[in-house]
Every structure is written in C-alpha cells, then in structure tokens.
Amino acid sequence: MDSESFSLALRSPLSTAAGSIRRRDGFLVRVDRDGVIGLGESTPLPGWTESHEECEATLAATQDPESMLAETDETGRSRRPAARHGVELAVADAEARVAGKSLAAFLSDGAIAETVPVNATVGDGSVDATVEATCEAVDGGFSALKVKVGARDPDVDAARLRAVREAAGDGVELRADANGAWDVETATRMLDVAAELDFSYVEQPLDADDVEGHAELRGRGVGVALDESLATVGPARILASDAADVLVCKPMALGGPIRTLDVAYQASERGVDAVVTTTIDAVVARVGAVHVAAALPERLSCGLATGSMLADDLALDPAPVEGGRVRVPAGPGLAGDTFSALRERS
Ligand SMILES: [Mg+2]
C-alpha cells in the first residue's frame, strides 16, 4: 500500500463549522492485489473527520490494509474515517477490478442504478439571489434542490423558502439545510413553513448533539434529515432514538463505501432513507460515492454535484453531472481505465 498527497484549490472559499477553507488537501491511496492496483482517496475535513496530520500519520503507519480495516473503536466507528475511507475504497476498487465488475455491482447484492439523480445546492444569499440560483438549477435540469438556511433571520429564510417554491414550481423536490443553526422554537416554526411549502425534508435543524430534540421535531408534515449528527453521535444512536426520517451519509466521514452502505441498510430496515453526499472530495472519492449511491436500497437524489466547487482536480471526471443526473461508470472498479495515470506510482 502507498499514499501520495495532493492539494486542490476551491473555486471560492467554503465556510464550514470549523472555519473557512480554500483548498482540499488529501491523499491518493493505492493497494496492490496480485498486480491489480486499487485506488482510494483520503481527503479529511476538520469537523467531519480526523485532521490532515492524523490522516497522514495513519496512512503512513498502515502496513496491512486488512488489519487496518478490521480496527474499530469502542463505539464501532472509526476514529480515522478519512484514512479508513481511502484504504477501504482502494481495496474494494481492486477487488471489483479482479471480479470484472463495476464498484456499484461489486458492493451491491441487488439491482444497481445506471444513473443517480443529484440535487443542486442553492446558497444562503438574498431572496433575489436565491430565486436566481433556483431558476438556474431548474433550467439546468435538476429535479431536486437543497436550499441553505439558518444564516439569516428566520423571517427572511421563510421568505426565501416561499420564493424558491414559487420559482421552482410544484414538480421539483425541495429540501432545506440549516446546518444546526436553530433553537427548538425557531426549528419548529421553520419546519411548519417547510411543510406548508411541501418540502421533503429539513436537514439538521438543531445542534448535532441534540438527538432527542430532533426526534421530537419529527411528524410535522416534513421530514427531519440528520447530517452533522452522523459525525458526532453516530448513526446507531440516531436510529435507536428514532431521531431522523433521512440520514445524510458521507462516505469520507463514515469511514468508507462499505461502511456507508451498511449504515444505509440499517436505516432502510427501520424505514429511514439514506442519501449519499460528498465532503467536497476530489474525483476518486466522488466517483466512489456515485457507486455507493447507485447501490443504495432507495433512489433519492444525492448530494454528489460538488465537483464544480474545485478549481482543479486529480483527473477528468468520468461521472460528470448532466441534466441533474450522474451516469454511473460501467467499470471495472471505479471507472475502467479512466484513472490509469493515477494508478501508477509517481
Ligand atoms: Mg448538510
């Protein structure tokens, strides 16, 4: 196994809970399976995964991919999810290539999707900017939009949500993402607005640690989706507490594609849906996430249209977004021969 660092600039700075970021720094991971090279990616994101330094040290210390993948901490989760993701993806890619299957077909026991619907993200701008972004997304063929809320006064956000529904029309699926910004009173009010406007769900209305609060917000006519909570309290407690209608699953934060599918299957058994999203990863992890989405038990729009946030990338994207959908590469592995240059050790 070996790993190689990379650093990619974002087109514009991204504000996260852990501060503003301008670049995505990560590692390409390669494993050798009897001469077949599997490719993975570890791109840590503070707040969601271990730090860059911890990720680098973990990859450098990993001699044997299998024993690294077998390690879990006391909660059954990985303390180094980004490093683990890179290794798990690389091993799965190699094994899928050996089996002559696409990664999605290799990961799934059931039918896989040929294309995956993806949502567009509408930022937290003014009402006018929100309407403009909505029209642009709908014109671009997106049938699901996620609107960022929580940064502005709740009355302004309510006006923004109304404007989005009006501009998008009735046929478009709408979601809102508050990133944990609201207290219970505001969240209750805003969920009622979202329900009235026929939004399908509101993501992370309350603080990530407030599992019980989210459980109480359910059943108001709009779904409650949890995202940040998966990285802090973990999927097991969320499911045991009936705290969500939808889990937002980030393979990089959950520790790998197989881990992510396991979470999605556990959710599905309890009637909870899963959507797959990236952590603004480079192309190898994004394509990995596309395969995970194609292997999901449900077919909800996923948050995979994030490649355009990078100013440059590791390779040409073999799964670009077209008309609000991504075609799943046929394989073998991640994308056939598309990444052959990346498989060669530099
Ligand atoms: Mg979110």
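What counts, and at which threshold
Residues numbered from 1 in each chain as written. Predicted model: local features only at pLDDT ≥ 70, side-chain atom pairs only at ≥ 80, totals over all residues. Heavy atoms only, no water. Phe/Tyr/Trp six-rings, centres within 6.5 Å; stacked < 30°, edge-to-face > 60°. Lys NZ or Arg CZ within 6 Å of the ring centre and 35° of its normal. Pairing = 2+ DSSP bridges. Helix = DSSP H or I, 4+ residues; strand = E, 2+ residues; numbered from the N terminus. Axes fitted to C-alpha atoms, helices over the stretch in contact; angles between N-to-C directions. Contact = heavy atoms within 4.5 Å. UniProt positions renumbered as here; feature names shortened; annotations may be inferred. Buried < 20%, exposed > 50% of the residue type's maximum accessible area, 1.4 Å probe, protein only. Right-handed = clockwise from strand over helix to strand, strands pointing away. Donors = N, O, S within 2.8 Å, 3.2 Å for Na, K, Ca; no water. Patch = residues over 30% accessible without salt bridge, like charges linked within 9 Å, V, L, I, M, F, W, Y side chains within 5 Å. Areas by Shrake-Rupley, 256 points an atom, 1.4 Å probe, with all protein chains shown as cover. Salt bridge = Lys/Arg side-chain N within 4 Å of Asp/Glu carboxyl O. Lys, Arg positive; Asp, Glu negative; His and termini not counted. Charge placed at Lys NZ, Arg CZ, Asp CG, Glu CD.

Caption draft 1: Highlighting the packing of aromatic side chains. A full pass over the atoms with the stated rule returns 0 aromatic pairs. Over the ring of Trp48 we find Lys250; its NZ or CZ atom is 4.5 Å from the centre of that ring.

Caption draft 2: Local environment of the sheet that holds strand 1 (residues 2-16). Taken in spatial order, the 3 strands of this open sheet run 1-2-3, and their pairing is antiparallel. Of all strands in the sheet, those with a lone pairing partner are strand 1 and strand 3 (36-42), marking the two edges. Looking at each pair of strands side by side, their axes are set apart by 20 degrees on average, direction ignored. In this sheet, strand 3 lies alongside strand 2 (residues 19-33) in antiparallel orientation, the contact comprising 7 bridges. Bridging from a neighbouring strand, Val31 pairs with Gly38 of strand 3. Where helix 1 (residues 52-61) meets the sheet, its contacts fall on strand 1, strand 2 and strand 3, and the angle it forms with strand 2 comes to roughly 10 degrees. Sheet strands touched by helix 3 (residues 81-99): strand 2 and strand 3. Its angle to strand 3, the strand with the most contacts, is close to 155 degrees.

Caption draft 3: Spotlight on the UniProt feature "active site" (unreviewed entry) in the chain. If you check UniProt for "active site" (unreviewed entry), the listed places come out as Lys148 and Lys250 in our numbering. Position of Lys148 among the secondary structure elements: in strand 6 (residues 144-148). Here Lys148 is in contact with Thr121, Val122, Gly123, Asp124, Arg160, Asp177 and Asn179, once residues within four sequence places are set aside. Position of Lys250 among the secondary structure elements: in the loop between strand 10 (246-249) and helix 11 (251-254).

Caption draft 4: Spatial organisation of the pairing of strand 9 (residues 223-226). Both faces of strand 9 are covered, namely the face carrying Gly223 and Ala225 and the face carrying Val224 and Leu226. The pairing of strand 8 (residues 201-203) with strand 9 spans 3 bridges and is parallel. Residue Tyr201 lies in a different strand from strand 9, and its bridge partner there is Gly223. Where the polypeptide runs from strand 8 across helix 8 (residues 211-217) and back to strand 9, its parallel neighbour, the crossover connection is right-handed. Here 2 bridges tie strand 9 to strand 10, and the two strands are oriented parallel to one another. Within strand 10, the position partnered with Leu226 by the bridge is Leu247.

Caption draft 5: Fine view of the coordination of the magnesium ion. The magnesium ion binds to the protein through Asp177 (OD), Glu203 (OE) and Asp227 (OD), with metal-donor distances spanning 2.1 to 2.3 Å. Sequence positions of the donors to the magnesium ion reduce to the motif D-x25-E-x23-D. Of the two residues, Asp177 is situated in strand 7 (residues 173-177) and Asp227 in the loop between strand 9 and helix 9 (228-232); the sequence distance between them amounts to 50 residues. Across the pair, Asp227 and Asp177 agree in class, each one buried.

Caption draft 6: Geometry of the environment of Ser20. Here Ser20 is to be found in strand 2. Residue class for Ser20 comes out exposed when judged on its relative accessible area of 54%.

Caption draft 7: Inspection of a negative patch on the surface at higher detail. A contiguous patch of negative charge on the surface is contributed by Asp128, Glu132, Glu136 and Asp139. Mapped onto the elements, Asp139 comes out in helix 5 (residues 127-139). The class for Asp139 is exposed, based on a relative accessible area of 69%.

Caption draft 8: Inspection of the pattern of salt bridges at higher detail. In the structure shown here, the tally under the stated rule is 21 salt bridges. Across the pair Asp227 and Lys250 runs a salt bridge, and its minimum N-O distance is 2.9 Å. Residue Asp227 is found in the loop between strand 9 and helix 9, and its partner Lys250 is found in the loop between strand 10 and helix 11; the two are separated by 23 residues along the sequence. Each member of the pair, Asp227 together with Lys250, is buried. Measuring nitrogen to oxygen at the nearest pair gives 3.0 Å for the salt bridge that ties Asp317 to Arg286. Placement of the pair is Asp317 in the loop between helix 13 (283-294) and strand 12 (321-322) and Arg286 in helix 13, with a sequence separation of 31 residues. Taken together, the shared-partner salt bridges connect Lys146, Lys148, Asp177 and Glu203 into one network.

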